[in-house]
Amino acid sequence: AMIKNEKGILLLTTYLIVSVLFVFSGMFFYKAFWDARAGERHRHLVRSFYCAEAGVDRAIAGLPGITAGVSNAVLNSVAGEKQGEYSYRILTVDPFRKWKIECQGFSPDEAQPVITRSLEVYVAKRDLPDNFWENAIYSAGNVRITGKAYTIDGNIRYGGSMVPSTLDPVLFTGETFPDPDISPLIKLDFEGMRQIAATQIKADGSDNIYTAEEIASGSRLPEDFWYDTSDPDPLNWMPNVVYVETDLVLNGNIDIGGFMLVVGDVISDPDETSETVINGSGEIDGCVYTTGQFRVNGGGNGLNVLGGVWSGGDGVRLNGSIFVEYHKEYMDAIRTIINPSSILQIISWREV
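Nothing here was measured: the structure is a model prediction, and the numbers come from that model.

A.B. asks: Describe the overall build of the chain, with residues and values.
C.D. replies: Per the secondary structure count, the chain includes 4 helices and 20 strands. With respect to the three principal axes, the spread of C-alpha positions in the chain is 135 × 45 × 40 Å. When the 352 residues of the chain are sorted by exposure, 41% land in the buried category. Intrachain contacts of the chain at a sequence separation of at least 6 include 52% that bridge at least 24 residues. With the model as given, the accessible surface of the chain reaches about 18,000 Å², and the carbon-plus-sulfur share is 55%. Once the 28 positive and 46 negative side-chain charges of the chain are each reduced to a mean point, those two points are 14 Å apart.

A.B. asks: Can you tell me about the sheet that holds strand 3 (residues 98-107), naming the residues and giving the values?
C.D. replies: Strand order in this open sheet of 5 strands is 1-2-3-4-20, and the pairing throughout is antiparallel. Each having just a single partner strand, strand 1 (70-76) and strand 20 (344-351) make up the two edges of the open sheet. Across this sheet, the average inter-strand angle for adjacent strands is 30 degrees, counted without regard to direction. Here strand 1 runs beside strand 2 (residues 82-94); their pairing, made up of 5 bridges, is antiparallel. For V74, the partnering residue across the bridge sits in strand 2 and is E85.

A.B. asks: Please set out the pairing of strand 3 residue by residue, giving values where relevant.
C.D. replies: Burial analysis of strand 3 places 7 of its 10 residues in the buried class, which makes it a mostly covered element. As paired elements, strand 2 and strand 3 share 9 bridges and run antiparallel to each other. Residue pairing in the sheet places T92 in a bridge with W99 of strand 3. Counting the residues between successive antiparallel strands, the hairpin from strand 2 to strand 3 contains 3 residues, one of them, F96, with a positive phi of roughly 65 degrees.

A.B. asks: Can you lay out the pairing of strand 7 (residues 150-153) for me, pointing to particular residues and giving the numbers?
C.D. replies: Strand residues, when the strand is regular, have side chains that alternate between the two faces of the sheet. Residues of strand 7 alternate between two faces, with Y150 and I152 buried on one and T151 and D153 left unburied on the opposite face. As paired elements, strand 7 and strand 10 (residues 172-173) share 2 bridges and run parallel to each other. Counted as the bridge partner of D153 is T173 from strand 10.

A.B. asks: A description of the nonpolar core should follow, citing residues and the corresponding values.
C.D. replies: Counting residues in each nonpolar core, the largest one holds 35 residues, and the members touching the most others are I152, I156, F294 and L318. Going through the elements one at a time, strand 6 (143-145), strand 7, strand 8 (156-158), strand 15 (241-244), strand 16 (248-262), strand 17 (276-290), strand 18 (294-311) and strand 19 (316-326) are the ones with two or more residues in this core. In terms of residue count, strand 16 provides more of this core than any other element does, 6 residues in total. Among all residues touching I156, those that are not within four sequence positions of it are N135, I137, V143, M162, L167, F172, E175, T176 and F177. By size, the runner-up hydrophobic cluster in this structure holds 30 residues, among which are I182, F190, A197 and M331.

Parameters at a glance
Residues numbered from 1 in each chain as written. Predicted model: local features only at pLDDT ≥ 70, side-chain atom pairs only at ≥ 80, totals over all residues. Heavy atoms only, no water. Helix = DSSP H or I, 4+ residues; strand = E, 2+ residues; numbered from the N terminus. Buried < 20%, exposed > 50% of the residue type's maximum accessible area, 1.4 Å probe, protein only. Contact = heavy atoms within 4.5 Å. Areas by Shrake-Rupley, 256 points an atom, 1.4 Å probe, with all protein chains shown as cover. Lys, Arg positive; Asp, Glu negative; His and termini not counted. Charge placed at Lys NZ, Arg CZ, Asp CG, Glu CD. Pairing = 2+ DSSP bridges. Axes fitted to C-alpha atoms, helices over the stretch in contact; angles between N-to-C directions. Core = buried A, V, L, I, M, F, W, Y, C linked by side-chain atoms within 4.5 Å.

Right, dumping it as structure tokens:
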């Protein structure tokens, strides 16, 4: 009887041990299963976020020129492994100045996502510094003024040297500021400016983009600074944006106006520089931005520049009879309405 009891106890103990092992192994496999699922979910969570960020980066890279959205874009690793997909759309908050990007990242793909992450990002162009807008002459290079037939009303800021170093106070009303930090010349949003010029249609049906062939053939440039003054509030008037894709060489009687951008092929070649050379007399009713040298050989009754001048590292040369007057109204119009900055920055970011 004792032997039978011992066998019964042993059998019971065995069953108990086996049951405990089954319980523990079940718990182990259950935990391993859920850990694996949690790990897989975390992987999708991270990858979908990376995809959303990649979509935002791609959207920003295309601004301000490209505002079309993208769908089902695939994000691959360096090794070529698919990480997921993203889609985004771009909403224009303020034309040429501010945009809202709504982007979603999907893992493993948009059709059957395990995880979707959504980002909302606002991007804007950073305004240019005040000292960019406060000068009759702003040169990233040298300023050379010859003779006594000049009159300059406004400040001169230069990145190189100035000759003569001191100007006649009768001929010059303003201050001079040597400022090597302004060299090289600040690059504007050339693509955005070109887009505006393309939409400004003159009476003859042509736009405000001027190619080398058009300049060589003597195509007529606008004569007035303003393109559109129909708004009852003058603060909303739109200047002519005159985009010149070559050197601007003008001879004889000059009568042109607008925000003149003499930039050559700078969009496809960032190192491109083009110069403005004016031989003759007349008037520029506006502001001239030239990536190369701004040179005037004034003759006869001289040349009047009513607005301001920016030039690149090749500097400014004023020879002969010339009058340059700073015009704050024109500068404010360019700054407020066009705001030609080239620098985009994220001003707000959140996951939604």
